[in-house]
Amino acid sequence: MTAATPHRILLVGGGGREHALAWKLAAEPGIEALLALPGSDGIATVPGVTCLPGDPLDPEAVMAAAQAGRADLVVVGPEAPLAAGIADTLEDAGIPVFGPVAAAARIETSKAFCHEVAEAAGVRMARAAAFSALAPALVFARDLATRGEGVVVKADGLAAGKGVSVCDDAADAEEALGVLFAALPAGVEPAGPVVVVEERLRGPEASLIVLADGVDALALPAARDHKRIGDGDTGSNTGGMGAYSPVPDLSDELAAHLVATVHRPVVAELARRGVPFRGALYAGLMLTADGPALLEFNARFGDPETQAILPRLAIPLGPLLLAAARGRLAEAAAEAGITGSLLPADPGAAVAVVLAAAGYPGTIRRGDAIDGLADAAAGGALVFHAGTARAADGRWMTAGGRVLAVVGKGPDLPAARAAAERAAGEVRWTGMQRRHDIAAVLPAREVLPAHSARPTPATFPGPGGLP
Ligand code: AMP
Ligand code: GLY
């Protein structure tokens, strides 16, 4: 018997990550229908995909679309529908869903919850504490600033990548804390943590995403995102200006070690709390001189990492997503001949270069006509749409902050980078922004002792222990 294949998939979302998922899933054996809610004009160009109108944040609307489309699997891309309880509604209706229930998605939506679960699971994160009042947060931040490399101030909830301030000194941290607390409604006691204050860690970052089924976890190829808007990691933080895979300084051995010491213990801890995590568990890691440390979890695939990862995945994704949704990942892995915790990957490389609109990541301009798309794709590069719209005359227009991801493949990272650069160089519109250094500087091969992670200092207050 081979692992069950989904035949009719409903994909929730409409960004570049979802375009990459649609591209991968639509071409797989056994797929009869791939529906996207709401999808996008770019996703609608994938052969076999039908976009459906509807609000991805409305669980009842998504369930109705899944039922009307006779979907045997729903795959959720972004975090907001998960936080809105889409997976809860679908699970209650007996529809297999890849994406965690809201209580498990809290691992992304509350940074305080993430720290608390990681500590219970024995996973190393930065020294940190959560606060619901300004005064004790200031005391903790000043103390961290006097002894360490700096302080990071994070809004507790979802902030679309804008809630994190990496501060050089106490004065910067005080300012960041002041801004976050000043944004609270006056005279109302916060019901829970407002900020997490962390010690600043140093090192290259990497993203390691697993498919989890509540118990088991299988890792996708590792990737590295480039978050700042400017070349050389300068300027504002963004949702991601490019990504590459593989990550030379994150070996397969280290990846397997991370699945065993980071992802699996956290999946087990969530299960112990009665909230099985079924979906993509994304660990944002920093490879510090003392070993890897977890910066954050996301409850979904990364964007733009997915655009660089899926072109390297050497196995159909649909059966794995269905198996994860049903709690049968181990069975599916055994049937696919997978031993260990890493999914099979193409030995080559992929580099994704993001092309962004004028003004991004601030106030963006929309409606600029895009030229050169056909030329970019002609050389074999993949072009994933994130923020585009097709005008009545067929022209593509900008319609979002991150507009496109152009992905080059090659036998190694320099070749993939050259392919991505060549293709990205064909695309233009007024005010287009991009980086020219995605995958240009590659850290040396891993030098980290994979087993040297310091134990997490026991400073993080548990539930009810907020200072
Ligand atoms: P997060 O949303 O928690 O991943 O934070 C966004 C970005 O802020 C990360 O990708 C890092 O570049 C940076 N960052 C977060 N936490 C820390 C930390 N403890 N030390 C240094 N940089 C951090
Ligand atoms: N690329 C970062 C993220 O998906 O959160």
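Refer to the structure presented above.
First, a word on what this report is: a plain description of the structure on this page. (Residues numbered from 1 in each chain as written. Chains lettered and ligands numbered in written order. Predicted model: local features only at pLDDT ≥ 70, side-chain atom pairs only at ≥ 80, totals over all residues. Heavy atoms only, no water.)

**Considering the site of ligand 2**
Right, so step 1: With respect to spatial proximity, the complete set of residues near ligand 2 consists of Asp-225, Gly-239, Tyr-282, Asn-298, Arg-300, Gly-302, Asp-303, Pro-304 and Glu-305.
Right, so step 2: Here an oxygen atom of ligand 2 and a side-chain polar atom of Asn-298 are 3.2 Å apart.
Right, so step 3: Residue Arg-300 places a side-chain N or O atom 2.8 Å away from an oxygen atom belonging to ligand 2.
Right, so step 4: Surface burial for ligand 2 is 90%, taken as the share of its 200 Å² of free accessible area covered by protein chains.
Right, so step 5: A per-class count over the shell around ligand 2 returns two nonpolar, three polar and four charged. (Near = heavy atom within 4 Å. Polar contact = N/O pair within 3.5 Å; in protein donor to acceptor, adjacent residues only side chain to side chain. Areas by Shrake-Rupley, 256 points an atom, 1.4 Å probe, with all protein chains shown as cover. Nonpolar A, V, L, I, M, F, W, Y, C, P; charged D, E, K, R; others polar.)

**Focus: the site of ligand 1**
Right, so step 1: Taken together, 15 residues form the shell around ligand 1, and within it Lys-154, Glu-198, Leu-201, Glu-205 and Glu-296 come nearest.
Right, so step 2: Here Lys-154 contributes a side-chain N or O atom positioned 2.8 Å from an oxygen atom of ligand 1.
Right, so step 3: The contact in question runs from an oxygen atom of ligand 1 to an N or O atom on the side chain of Lys-227, over 3.1 Å.
Right, so step 4: If ligand 1 stood free it would expose 470 Å²; the protein chains cover 90% of that surface.
Right, so step 5: Only strand 7 (151-155), strand 8 (164-167), strand 9 (195-199) and strand 17 (291-298) provide two or more residues apiece to the shell around ligand 1. (Helix = DSSP H or I, 4+ residues; strand = E, 2+ residues; numbered from the N terminus.)

**Some words on the environment of Leu-134**
Right, so step 1: Within the secondary structure layout, Leu-134 lies in helix 7 (residues 134-147).
Right, so step 2: Beyond its immediate sequence surroundings of up to four residues, Leu-134 is in contact with Leu-177, Gly-178 and Phe-181. (Contact = heavy atoms within 4.5 Å.)

**A short note on the sheet that holds strand 11 (residues 217-219)**
Right, so step 1: Spatial strand order, 11-10-16-17: four strands in an open sheet with antiparallel pairing. Edge positions in the sheet fall to strand 11 and strand 17, since each of these pairs with one other strand and no more. The average angle at which neighbouring strand axes cross in this sheet is 35°, direction not considered.
Right, so step 2: As judged from the nine bridges shared by strand 10 (residues 205-213) and strand 16 (residues 278-288), these two strands associate in the antiparallel manner. The residue bridging Ala-212 from the neighbouring strand is Gly-279, located in strand 16.
Right, so step 3: Where helix 11 (residues 318-326) meets the sheet, it contacts strand 10, strand 11 and strand 16, and its direction lies at approximately 65° from that of strand 10. (Pairing = 2+ DSSP bridges. Axes fitted to C-alpha atoms, helices over the stretch in contact; angles between N-to-C directions.)

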